[in-house]
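# Structural characterization, general
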Amino acid sequence: MRILQTGDWHLGRRLKGLDLLEDQRFVLEQVIEHVEQERPDLVLIAGDIYDRADPPAAAVDLLDEVLSRLVLDLHVPVVLLAGNHDSPERLAFCSGILKRQGLRIVGEIPEAPEPLVLEDEAGPVHLFALPYLDPERVREGLGRDDLRGHQAAMEIVLDQVRRQCHAGVRTVLAGHAFVQGGCSSESERLLTVGGSGAVDASLFEGFDHVALGHLHRPQSVGPRIHYAGSLLAYSISETDHSKGFLWVDLPASGPPSVAQVPLTPRRRLRRVQGTFQQVMDGARQDEDREDLIVAVLTDPAPVPDAIGRLRQHYPNTLHLEWEALEHPVGGSTVSREVLRLDPLSLFQRFYQEVTGRPMDEAATALLGPVVERAMRPGEEAR
Ligand SMILES: [Mn+2]
């Protein structure tokens, strides 16, 4: 049994204002090619299909095109589930009709989870696909007023899944969640404000394979719990990630083998570092001028219009950092203490310096949520 596991496509996402749709199409073409060659038993897309609940029309068209190729042309069944960025209702439009065509869309939290039954020479494989379990939705959907938090929501839904499991039948679980101990990036929208939103890996014991979405770095967080990671780098913190998908091969018994297949991005997100002069010299030799560039300049003093001049060589320079100025080793007017302050404290300090008195409670209460919202990853394009 061979499953292609992918997730966090975030179709329609922009990075620092830059449209990534053609970049997304470019890697999805590669995914389709792999499916065409390998003919897996299933393609599984573990949530965050779109970047937001109301995706741009071009993103909807792209998904339509990709799914049509997989399901109608290549006849490979596809399961996709709603992540925390998707609108469950919109994503699941026509899901009853599409199910008959081999496309299973999981939007709502199932009251009685029903497995998708796949078969190979060794017998059946049951796949349970859960959407992102928003605790509030689980509470409402199941009429459990006492239910609080992500851990409890996952626990109660998995209890129901386990009731439908059969001993001796290989079982795969797919979902969209933040498992404790996983390594996050800046492009995952926080699941809870002020809390971790994480769930314990121990909740997933007993499944033969757990295919998760949400974390954008490809990783495993337990012996059988795997994140395929996002389709592309979706924040400038992801320059060192190798993005791709997973081949999951389930044997007749025992643990599956999981292999990552890297995808080649249309434009690489990468970091260039050095003095302005060194970076410019490097840029002149560089043929990959369309790449998405994060420049880290080490000059001891600012260079006038550095980003404008860099963009003459790298038109897609997304971000510029002054390493020596932002992280001074000493002798700077900005003390290390200030660099360690969280954004709200930094505002309070600035307020005090400007007004001569500390920020009062009322102002702090007003400012807190604003700062929190501004700092929340994944909202930059709004
Ligand atoms: Mn995501």
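Owing to the predicted nature of the structure, the values given are computational and were not obtained by experimental measurement.

A full pass over the atoms with the stated rule returns 19 salt bridges. When the shortest N-O distance is used, the salt bridge between glutamate 89 and arginine 137 registers 3.0 Å. Of the two residues, glutamate 89 is situated in helix α3 (residues 88-91) and arginine 137 in helix α5 (residues 135-142); the sequence distance between them amounts to 48 residues. Since its relative accessible area comes to 45%, glutamate 89 is described here as partly exposed. Two residues, arginine 144 and aspartate 146, come together in a salt bridge whose shortest N-O distance is 3.0 Å. You can call arginine 144 partly exposed: its relative accessible area is 36%. Accessibility expressed as a relative area gives 54% for aspartate 146, which makes it exposed. Taken together, the salt bridges that share partners define one network made up of Arg2, Glu38 and Asp249.

Right, let's talk about the coordination of the manganese ion for a bit. Within the first shell, the manganese ion binds the protein through Asp8 (OD), His10 (NE2), Asp48 (OD) and His216 (NE2), at distances of 2.0 to 2.4 Å. Each donor residue of the manganese ion belongs to the same chain, with the gaps between them written as D-x1-H-x37-D-x167-H. Note that aspartate 8 is positioned in the loop between β1 (2-6) and β2 (14-15) and histidine 216 in the loop between β12 (209-213) and β13 (219-222), a separation of 208 residues in sequence. What makes aspartate 8 buried here is its relative accessible area of 0%. Accessibility expressed as a relative area gives 1% for histidine 216, which makes it buried.

Another point: the side chain of histidine 216. Polar side-chain contacts of histidine 216 include one of 3.1 Å to the side chain of aspartate 8. A polar contact of 3.1 Å, which involves the side chain of histidine 216, links it to the side chain of histidine 10.

Between α5 and helix α6 (residues 149-163), the shortest axis-to-axis distance is 9 Å and the interhelical angle comes to 45 degrees. The orientation of α5 with respect to α6, classified from their angle, is oblique. Once α5 is placed against α6, the crossing between them reads as left-handed. Taken together, the residues of α6 that come into contact with α5 (itself represented by Pro135, Val138 and Leu142) are Gly149, His150, Ala153, Ile156, Val157 and Gln160. When its residues are assigned to classes, the contact of α5 with α6 shows six nonpolar, three polar and no charged.

Turning next to the sheet that holds strand β8 (residues 123-129). Hydrogen bonding along the main chain pairs the strands of a sheet, whether they run parallel or antiparallel. Strands sit in the order β7-β8-β9-β12-β14-β13 across an open sheet of six strands; the sheet is mixed. Since the sheet does not close on itself, it has two edges, and those belong to β7 (116-120) and β13, each with one partner. Recorded for the sheet is a direction-independent mean angle of 25 degrees between the axes of neighbouring strands. Sheet topology places β13 next to strand β14 (residues 225-227); three bridges connect them, and they run antiparallel. Directly across from glycine 222, in β14, lies its bridge partner isoleucine 225.

All right, on to the domain arrangement of the protein chain then. Here the protein chain is described as being made up of domain 1 (2-262), domain 2 (268-327) and domain 3 (344-382). Its C-alpha centre places domain 1 at a distance of 36 Å from the equivalent point of domain 3.

Thresholds applied
- Residues numbered from 1 in each chain as written.
- Predicted model: local features only at pLDDT ≥ 70, side-chain atom pairs only at ≥ 80, totals over all residues.
- Heavy atoms only, no water.
- Salt bridge = Lys/Arg side-chain N within 4 Å of Asp/Glu carboxyl O.
- Helix = DSSP H or I, 4+ residues; strand = E, 2+ residues; numbered from the N terminus.
- Buried < 20%, exposed > 50% of the residue type's maximum accessible area, 1.4 Å probe, protein only.
- Donors = N, O, S within 2.8 Å, 3.2 Å for Na, K, Ca; no water.
- Polar contact = N/O pair within 3.5 Å; in protein donor to acceptor, adjacent residues only side chain to side chain.
- Axes fitted to C-alpha atoms, helices over the stretch in contact; angles between N-to-C directions.
- Parallel < 35°, antiparallel > 145°, perpendicular 65-115°, else oblique.
- Left-handed = near helix turned anticlockwise from the far one by under 90°.
- Contact = heavy atoms within 4.5 Å.
- Nonpolar A, V, L, I, M, F, W, Y, C, P; charged D, E, K, R; others polar.
- Pairing = 2+ DSSP bridges.
- Domains from an automatic or database assignment.

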